[in-house]
Amino acid sequence: MGITARGVGLAVAAVLLIVVGFRFAYPELTLLGAAAAVAVGHAVATAAWRPRLEVTRRADPDRVARGEPAHMTVTVRNTGRLRAANLLAEERCGTTTVPVPVLRLRPGRDTTVSYEVPTHRRGVVPVGPLRVTRRDPLGLVALSRPYGATVPVWVHPRIHPLTAVPTGAGRSLDGRVDSVPHGSITFDSLREYVVGDELRRVHWRTSARVGELMVRENVDTSLPRIVVLLDNRAAAHPDRADGVAESFEAACEAAASVVTAAVREDLPVVLLLVTPGDDRAGAPPLDRLAAVELGEGDAGTLRAAAGRLRHDRLGDTLVFLTGPGGRDDLGQLGALRRAYPSVVVGVFGADGPTPAAAAGLVVVDAADGAAFAAEWDGVRRW
């Protein structure tokens with residue numbers, strides 16, 4: 001609860017008038033002081049009354065790419081029996097506020113406001129809560145209360161179409177590794193026939209031996225598996241413009257493009273961060289890319305991430321996306337060539353080509369996500 005300057009002045013005047021009236025036996029002053037005190041007390045009681053409001057929000061849509069339009073519709077309904085008078089309401093949307101008209105909202109009625117959600121920057125835009133301010137008629141006291149939960153709007157990085165996707169690595173028993181464009185089907189096991197199975201999958205020799213129909217189960221043992229490692233160390237993206245590292249934004253767009261292309265081709269893909277922080281590991285990759293921020297980290301942080309990748313062997317194609325500050329650490333990825341047959345590095349925002357010290361790695365120097373997508377299709381050393 002906040003007492004306005006007018007309320008403070010009137011409360012002080014009430015105390016002085018009552019004291020002076022009693023001290024010098026002026027009943028008129030005492031009466032004026034008592035009236036002022038009653039006015040302040042009535043203002044406190046009026047502002048303390050909590051209106052019964054129901055707030056609902058609907059985002060259309062709640063997930064967009066950077067720069068795409070998104071709208072939020074907020075509906076405020078008066079569920080009480082009294083008219084919601086002397087109310088001011090503001091809807092919080094990111095760092096801005098939107099006025100919502102609730103003055104003299106009748107019982108059982110509602111008011112609806114629609115507005116655009118800012119999507120010019122990647123991130124998670126929090127919308128809400130609705131801040132309702134209750135004032136007394138004299139403007140002596142103002143009390144603000146939140147209504148409704150916060151609704152997030154996910155602003156994903158821009159996605160640039162990629163036509164080329166990595167190939168798999170088919171490994172035979174004699175140790176040979178072959179490039180397999182779209183995986184291969186290999187016999188895995190036999191099981192009993194169930195209604196609906198194709199007859200061409202029946203293994204007749206085994207069926208004759210066991211006396212019932214048996215069908216073959218096949219698995220795809222060489223489906224390409226892609227690991228995208230996003231370098232979110234602040235040291236890797238030192239250049240800022242209005243507090244935003246454009247090289248990091250470009251790396252996020254490249255990561256979103258690779259992940260989307262892999263999902264489109266039904267390829268397994270994993271998104272990892274060099275500095276995990278609030279990684280939101282269970283969230284969809286695009287949501288994680290919307291929420292990811294730069295964190296603290298040095299060469300040791302990247303070395304630890306590379307060690308985990310070497311130990312886990314999560315795929316056969318590694319895509320590492322970094323900024324100009326990460327070029328000196330690319331040597332740490334050379335040791336991953338034995339665990340990952342294909343290693344592609346994207347460097348964004350550099351003022352020149354990456355030095356030849358990164359031998360053995362496929363390096364793509366790009367100014368932004370669109371340039372990376374243009375170069376990606378030409379890099380077919382999978």
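Please refer to the structure higher up on the page.
Residues numbered from 1 in each chain as written. Predicted model: local features only at pLDDT ≥ 70, side-chain atom pairs only at ≥ 80, totals over all residues. Heavy atoms only, no water.

**Observations concerning unusual backbone geometry**
Stage number 1. With an omega of -10 degrees, the peptide bond between aspartate 60 and proline 61 qualifies as cis.
Stage number 2. With respect to the helices, strands and loops of the structure, proline 61 is situated in the loop between strand S2 (53-60) and strand S3 (63-65).
Stage number 3. Residues glycine 128 and proline 129 are joined by a peptide bond in cis, for which omega reads 0 degrees.
Stage number 4. For proline 129, the position within the fold is in strand S8 (residues 123-135).
Stage number 5. Here the phi dihedral of alanine 25 falls at roughly 60 degrees; this positive angle occurs in a residue that is not glycine.
Stage number 6. Within the secondary structure, alanine 25 sits in the loop between helix H1 (5-23) and helix H2 (27-48).
Stage number 7. For arginine 313, which is not a glycine, the phi torsion comes out positive at approximately 50 degrees. (Helix = DSSP H or I, 4+ residues; strand = E, 2+ residues; numbered from the N terminus.)

**Thoughts on the sheet that holds strand S4 (residues 71-78)**
Stage number 1. Ordered in space as S2-S4-S7, the 3 strands form an open sheet in which the pairing is antiparallel. Of all the strands in the sheet, just S2 and strand S7 (110-116) have a single pairing partner and so form its edges. Recorded for the sheet is a direction-independent mean angle of 15 degrees between the axes of neighbouring strands.
Stage number 2. When S4 meets S7, the two strands line up antiparallel, connected through 7 bridges. (Pairing = 2+ DSSP bridges. Axes fitted to C-alpha atoms, helices over the stretch in contact; angles between N-to-C directions.)

**A short note on the packing of aromatic side chains**
Stage number 1. Within this structure, the stated rule accounts for 2 aromatic pairs.
Stage number 2. Ring geometry for phenylalanine 348 against phenylalanine 372: centres 5.5 Å apart, planes inclined by 50 degrees, an arrangement best described as tilted. Here phenylalanine 348, found in strand S18 (residues 342-348), pairs with phenylalanine 372, found in helix H7 (residues 369-376); they are 24 residues apart in sequence, far enough to count as distant.
Stage number 3. Under the relative-accessibility criterion, phenylalanine 348 is labelled buried at 0%.
Stage number 4. Consider the rings of phenylalanine 372 and tryptophan 376, whose centres lie 5.6 Å apart with planes at 50 degrees: the pair is tilted. Linking phenylalanine 372 with tryptophan 376, this pair stays in helix H7, spanning 4 residues, or about one helical turn. Comparing phenylalanine 372 with tryptophan 376 shows no difference in burial state: the two are buried.
Stage number 5. Its guanidinium or amino end placed over the ring of phenylalanine 24, arginine 23 lies 5.3 Å from that ring's centre, counting from NZ or CZ.
Stage number 6. In this structure, arginine 50 is placed above the aromatic ring of tyrosine 147, and the distance from its NZ or CZ to the ring centre is 5.0 Å. (Phe/Tyr/Trp six-rings, centres within 6.5 Å; stacked < 30°, edge-to-face > 60°. Buried < 20%, exposed > 50% of the residue type's maximum accessible area, 1.4 Å probe, protein only. Lys NZ or Arg CZ within 6 Å of the ring centre and 35° of its normal.)

**A closer look at the sheet that holds strand S16 (residues 269-273)**
Remark on secondary structure: sheet strands pair via backbone hydrogen bonds, oriented parallel or antiparallel.
Stage number 1. Read across the sheet, 5 strands follow the order S16-S15-S17-S18-S19 without closing on themselves; strand pairing throughout is parallel. Strand pairing shows two members of the sheet lacking a second neighbour, S16 and strand S19 (362-366), which therefore form its edges. Taken pair by pair, the neighbouring strands of this sheet meet at an average axis angle of 15 degrees, ignoring direction.
Stage number 2. Strand direction decides the pairing type here: S18 and S19, joined by 5 bridges, are parallel. What sits directly across from valine 344, in S19, is valine 362.
Stage number 3. Across the sheet, helix H4 (residues 246-264) is in contact with strand S15 (226-230), S16, strand S17 (317-322) and S18; its angle to S15 comes to roughly 165 degrees.
Stage number 4. Sheet strands touched by H7: S17, S18 and S19. Its angle to S19, the strand with the most contacts, is close to 140 degrees. (Contact = heavy atoms within 4.5 Å.)

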